[in-house]
Amino acid sequence: MAKNTLTQGDMIALLQRVADDTTAQAERLRELDAAIGDGDLGITVTLGFGAVKEGLLELADADISTILMRSGMAFNRKAASTFGALFATMMMRAARVAKGNEEISLAEISQMVAEALQGVKERGKADVGDKTLIDALAPASEALAEAVEEDMELAVGLAHAADAAEEGALATVELKSKAGRSSWFSERTAGIQDPGATAVAIMLRSASEYVKKS
Amino acid sequence: MAKNTLTQGDMIALLQRVADDTTAQAERLRELDAAIGDGDLGITVTLGFGAVKEGLLELADADISTILMRSGMAFNRKAASTFGALFATMMMRAARVAKGNEEISLAEISQMVAEALQGVKERGKADVGDKTLIDALAPASEALAEAVEEDMELAVGLAHAADAAEEGALATVELKSKAGRSSWFSERTAGIQDPGATAVAIMLRSASEYVKKS
Amino acid sequence: MKKIINQPMDFVDEMLEGILLAHPDQLKATGDPRAIVRADAPVQGKVAILTGGGSGHLPVFLGYVGQGLAHGVAVGNVFSSPSAETMFEATMATHGGAGCLYLYGNYQGDVMNFDMAAEMADMEGVSVETVLAADDVASAPREQWSRRRGVAGIFFAYKIAGACAESGADLDEVVRVTQKVVSSTSSMGVALSPCTVPAAGVPTFTIGDDEMEIGMGIHGEAGVQRGKLQPADAIAERLTADCIADQSLTSGDRVAVLINGLGATPPEELYVLYRKAHELLIDQGIEIHRAYVGEYATSLEMAGASTSLLKLDDELTRWLDAPARSPFFEQQ
Amino acid sequence: MKKIINQPMDFVDEMLEGILLAHPDQLKATGDPRAIVRADAPVQGKVAILTGGGSGHLPVFLGYVGQGLAHGVAVGNVFSSPSAETMFEATMATHGGAGCLYLYGNYQGDVMNFDMAAEMADMEGVSVETVLAADDVASAPREQWSRRRGVAGIFFAYKIAGACAESGADLDEVVRVTQKVVSSTSSMGVALSPCTVPAAGVPTFTIGDDEMEIGMGIHGEAGVQRGKLQPADAIAERLTADCIADQSLTSGDRVAVLINGLGATPPEELYVLYRKAHELLIDQGIEIHRAYVGEYATSLEMAGASTSLLKLDDELTRWLDAPARSPFFEQQ
Ligand SMILES: Nc1ncnc2c1ncn2[C@@H]1O[C@H](COP(=O)(O)OP(=O)(O)O)[C@@H](O)[C@H]1O
Ligand SMILES: Nc1ncnc2c1ncn2[C@@H]1O[C@H](COP(=O)(O)OP(=O)(O)O)[C@@H](O)[C@H]1O
Ligand SMILES: [Mg+2]
Ligand SMILES: [Mg+2]
Ligand SMILES: [Mg+2]
Ligand SMILES: [Mg+2]
């Protein structure tokens, strides 16, 4: 049976899995970003998550908050970019929520994602519907709030969040970009799924799978 | 019957014909120069003889010496190059010989070509056998000296000179370049006829044809 | 495009090593090899100007670190933002107690990272103000300023902000002057061929053998019009007219002109463009105070060029005319 | 290669018009629009340095007309010699009573035309001496000096001869110093892609997509070896080693280094080359006094680079370090 809280060890293992799963989709992300951006998102996740994994080796004894914070910085140090800065911002906000916790439950995770979303909005000044990763992160955050409300198990709640993120990412196909590089040719972006939203969905699905299997 | 001396009017008509005949062979000269040089001899004769013809329009009342001198300078002003400088040098030397003459006979022409040859040798520091235009000009000069010796008619002497220049140009196929741009890859130049020598042969044949027909 | 490189992943670091080895009298690295500062940094008591962005645009950005120019730079991978930490490192190595100006091109990845760096610096008690270069007329109309990209016109901002900071002006004053220069600069470019990011190995975009794209960005961002390659005079007319219109320049105005090569376009061709731009400006009664022609902001080996016009007043003219010196740009 | 030009036949004259319009404070034309001289010419009582050659190599040759550099230039068509008359015109517009030095690259078309110009000047009572740049190691062994081509290393000759002439040295002294610098300069280059002369419309040579040619001349003259494209470090090793060997440089010697881009090769790549060249020189105990990295002698949009080494003594060092200023090169 899947566990209902995550320990420091879980967090390391979860991040490793997220790193591997997202890197495995690097080519797909590169293609999407090449279609409506500059095509670097594939290399960004490969380098960034490579740095995260390397950094985790030295975080065997760190607490959850430190692991999150350091992983975010490691990613952006190696693969600075819009996505890198937003990933670092999300991790920093999540780390703040987790501060002092030995274990985290769905309630904390829900709060961490909500804060991460808030951080992204502040950093990038975009909102829902602008065809950005917010369009995956915001529904995931809502799903998590619902899950907490309905007292779901951790694995179930995360699966809901991943479903919501994937739906949200899929729905970006219809949207025209209003933020970032692709907003310069906004009209031409309809028909392509947003690469950043896709990455967020991949990451959440991966986290959900980790919890389901552990 | 062909005439035995050339007047000022002849010189203008002769230069016009030489200009036309050589320009007509520009593509062949370009190809030869492209094979063992930098391929600009085609454009050089086109521009240079174009300038000569333009200049002749203002030389209707000039004497033979002036016509020669000005034509050489006009050529090189418009199409400065190795060939242009040598053409200007030849014409300047020939002009010196013609100075003060109302008409010129085979004897003067022979002396003009001999002086032109001398000028080319001084200017370019090359000699017979170096795979240059000297290999056409030197035999032509010898043929003219013989023709004067044997008291040939002007047309006959010039035809001899053109024959000799053509043979000399043809013989450059076997030679390896020892002067100018092509000497940098001397070995690779065997098998190609020297473009400058070819141009001199074309010019002398054209002059000979003018005299034959006039 | 064939490149003179070793491993693509080492390209940026080896390039930086080369630059530091060649110019030790002018530049030095910090604890972070991607954070490069003036050899005499920190400059005590003066505003420090920090810049940064992706590699592949030399002299932008590193090339404008020098006397009378910027003080430090954060260097990213080719066409990618530097990290917030690198910019923070450059900031801490240059600031001399009088605050910092972050001056760089308006690209979101850079903005996000440098905003983070500014927050980090703020936590260390170093005050940072930001001015973004956003001169590319093609990227958005003037009314949508915040969406405009920065391109070659940032040269004018470095030159003028650098001279102003060098004079000992305080941060407010440097910010005011820099804001004036960026809002008085308009650029428009044309791309004829793509370039290849070493780590990618394939061209950033494709374009027909007889085509050009007006307004294409310096990373290959789509422009405003793709069409048949035009003669130089027609290109000059289009680029100059767009800059004139953007600034609403009229007879009696005074400008500085920058004709910039994107990489593979020879200086000879840039001067053919300048010739026509000059004629057009003079014809409209616009005075040309200074002309800069050459490679001031490149995209690796992209072929193409851009025109930038800076509308001058007396203050900007004085700072523009001041001396400057870096390994990539000297003005006496 | 796509070009930003109008009619190919107008290319050189329009380029010159652009240069004169952009830099009226520094350059002016003479009676012959192809003969360009310093705005302050003639420089009374000092040796005038005249240069010239084909177009398409900017900053060579016109770009080195300036303060502490050359005084006048005769400009030919692309890759073609200027005429004797143009050089004569430049000579008469610059000479200031102390004689002239003709300083240019060893190409026969130029030699013939400039020798004619010198004879014409002589008839006007102006004495002319000639020193030819012949730094290209690939074109002939050192023993066959008269067959060597001049390439990017001519930059050092302009810099040093110009500073020497500026100091008021007499013609004999300027000739002596200039002869020393040209015989102390060695260059070796590599070409990766051809260029297209506008009037010709076709590339000057062809080369495979994965090939490079070591020692190719700046007009596409055949080099010493064509082979697979090598990594930057291997190229740097070859170019540097050939220059070291040509000068028989050994530990304790002092040099100036020039890494020159041929046109399409970005400055980033030139610094990757410099990095390795620096390491090799230092490893051999050779001191680097100064490094110049950038486009100093180009071949339109050719891709490739060259390394030049100038062996320095105290005298050459002093002139090398002197200030200079032209629209294409400034040193403070
Ligand atoms: N202002 C923004 N707020 C949130 N997400 C954004 C914003 N701008 C872009 N993104 C996300 O970032 C993704 C692209 O990331 P990345 O490739 O790193 O950008 P770039 O290469 O343009 O710097 C987009 O697909 C989008 O999801
Ligand atoms: N030193 C020399 N003396 C005489 N003729 C020469 C010499 N060097 C070259 N030539 C002639 O000039 C021709 C090439 O002329 P041109 O194309 O103008 O030369 P480049 O393009 O090398 O300046 C050669 O084919 C040769 O006949
Ligand atoms: Mg991207
Ligand atoms: Mg030729
Ligand atoms: Mg990017
Ligand atoms: Mg030639």
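**Q** Which residues make up the coordination of the magnesium ion (ligand 6), and what are the values?
**A** Note on metal geometry: ideal angles are 109.5 degrees for four donors arranged tetrahedrally and 90 or 180 degrees for six donors arranged octahedrally. Residues and elements named next belong to chain B. Those protein atoms acting as donors to the magnesium ion (ligand 6) are Asp-38 (OD) and Asp-40 (OD), and they sit at 2.0 to 2.2 Å. Separating the magnesium ion (ligand 6) from the magnesium ion (ligand 4) is a gap of 3.6 Å, which Asp-38 spans by donating to each of them. For Asp-38, a relative accessible area of 29% corresponds to the partly exposed category. Look at Asp-40 and you get buried, because its relative accessible area is 18%.

**Q** Tell me about the interface of chain C and chain D, and please be specific about residues and values.
**A** Interfaces are often sized by the accessible area lost when the parts come together. Contacts between the two partners involve 57 residues from chain C and, on the opposite side, 57 residues from chain D. The tally of links between chain C and chain D comes to six salt bridges. Between Arg-275 of chain C and Glu-14 of chain D there is a salt bridge, and its shortest N-O distance comes to 3.8 Å. At the surface where chain C touches chain D, the tally comes to 30 residue pairs in polar contact (both at pLDDT 80 or more).

**Q** I'd like a rundown of the arrangement of the chains, residues and numbers included.
**A** The assembly contains three pairs of chains in contact; the pair sharing the most contacts is chains C and D. What separates chain A from chain B at the closest point of their C-alpha atoms is a distance of 42 Å, and the two make no contact. One finds no contact between chain B and chain C; the C-alpha atoms of the two approach each other to within 20 Å at their closest.

**Q** Which residues make up the site of ligand 1, and what are the values?
**A** Of all residues adjacent to ligand 1, which total 22 residues, the nearest are Thr-82, Arg-181, Asp-194 and Gly-196 of chain A together with Gln-108 of chain C. Flanking ligand 1 are residues from chains A and C. Contact between ligand 1 and Asp-33 of chain A: an oxygen atom at 3.2 Å from a side-chain N or O atom of the residue. Leu-133 of chain A places a polar main-chain atom, nitrogen or oxygen, 2.9 Å from an oxygen atom of ligand 1. Coverage of ligand 1 by the protein chains reaches 95% of its 570 Å² of free accessible surface. Sorting the residues of the shell around ligand 1 by element identifies helix H5 (82-98), helix H6 (106-124) and helix H9 (195-213) of chain A together with helix H3 (108-123) of chain C as the ones contributing at least two each. A class-by-class count of the residues in the shell around ligand 1 yields ten nonpolar, seven polar and five charged.

**Q** Explain the packing of aromatic side chains residue by residue, including any values.
**A** This model, assessed by the stated rule, comprises 34 aromatic pairs over all chains. With 5.1 Å between their ring centres and 20° between their planes, Tyr-64 of chain D and Tyr-158 of chain D make a pair best called stacked. Of this pair, Tyr-64 of chain D sits in the loop between strand S3 (48-55) and strand S4 (72-78) while Tyr-158 of chain D sits in helix H4 (residues 154-166), and the two are 94 residues apart along the sequence. Tyr-158 of chain D carries the same exposure label as Tyr-64 of chain D, and that label is buried. When the ring of Phe-155 of chain D is compared with that of Phe-329 of chain D, the centres are 5.0 Å apart and the planes differ by 75°; the resulting orientation is edge-to-face. Remark: Phe-329 of chain D occurs in the loop between strand S13 (324-325) and strand S14 (330-331) and Phe-155 of chain D occurs in helix H4; sequence separation between them is 174 residues. Residue class for Phe-329 of chain D comes out buried when judged on its relative accessible area of 6%. Among the aromatic residues, those joined into a cluster by ring pairs are Tyr-64, Phe-155, Phe-156, Tyr-158, Tyr-292, Tyr-296 and Phe-329 of chain C. Seen from the ring of Trp-319 of chain C, Arg-318 of chain C lies directly overhead, with NZ or CZ sitting 5.0 Å from the centre.

Conventions used here
- Residues numbered from 1 in each chain as written.
- Chains lettered and ligands numbered in written order.
- Predicted model: local features only at pLDDT ≥ 70, side-chain atom pairs only at ≥ 80, totals over all residues.
- Heavy atoms only, no water.
- Donors = N, O, S within 2.8 Å, 3.2 Å for Na, K, Ca; no water.
- Buried < 20%, exposed > 50% of the residue type's maximum accessible area, 1.4 Å probe, protein only.
- Contact = heavy atoms within 4.5 Å.
- Salt bridge = Lys/Arg side-chain N within 4 Å of Asp/Glu carboxyl O.
- Polar contact = N/O pair within 3.5 Å; in protein donor to acceptor, adjacent residues only side chain to side chain.
- Near = heavy atom within 4 Å.
- Areas by Shrake-Rupley, 256 points an atom, 1.4 Å probe, with all protein chains shown as cover.
- Helix = DSSP H or I, 4+ residues; strand = E, 2+ residues; numbered from the N terminus.
- Nonpolar A, V, L, I, M, F, W, Y, C, P; charged D, E, K, R; others polar.
- Phe/Tyr/Trp six-rings, centres within 6.5 Å; stacked < 30°, edge-to-face > 60°.
- Lys NZ or Arg CZ within 6 Å of the ring centre and 35° of its normal.

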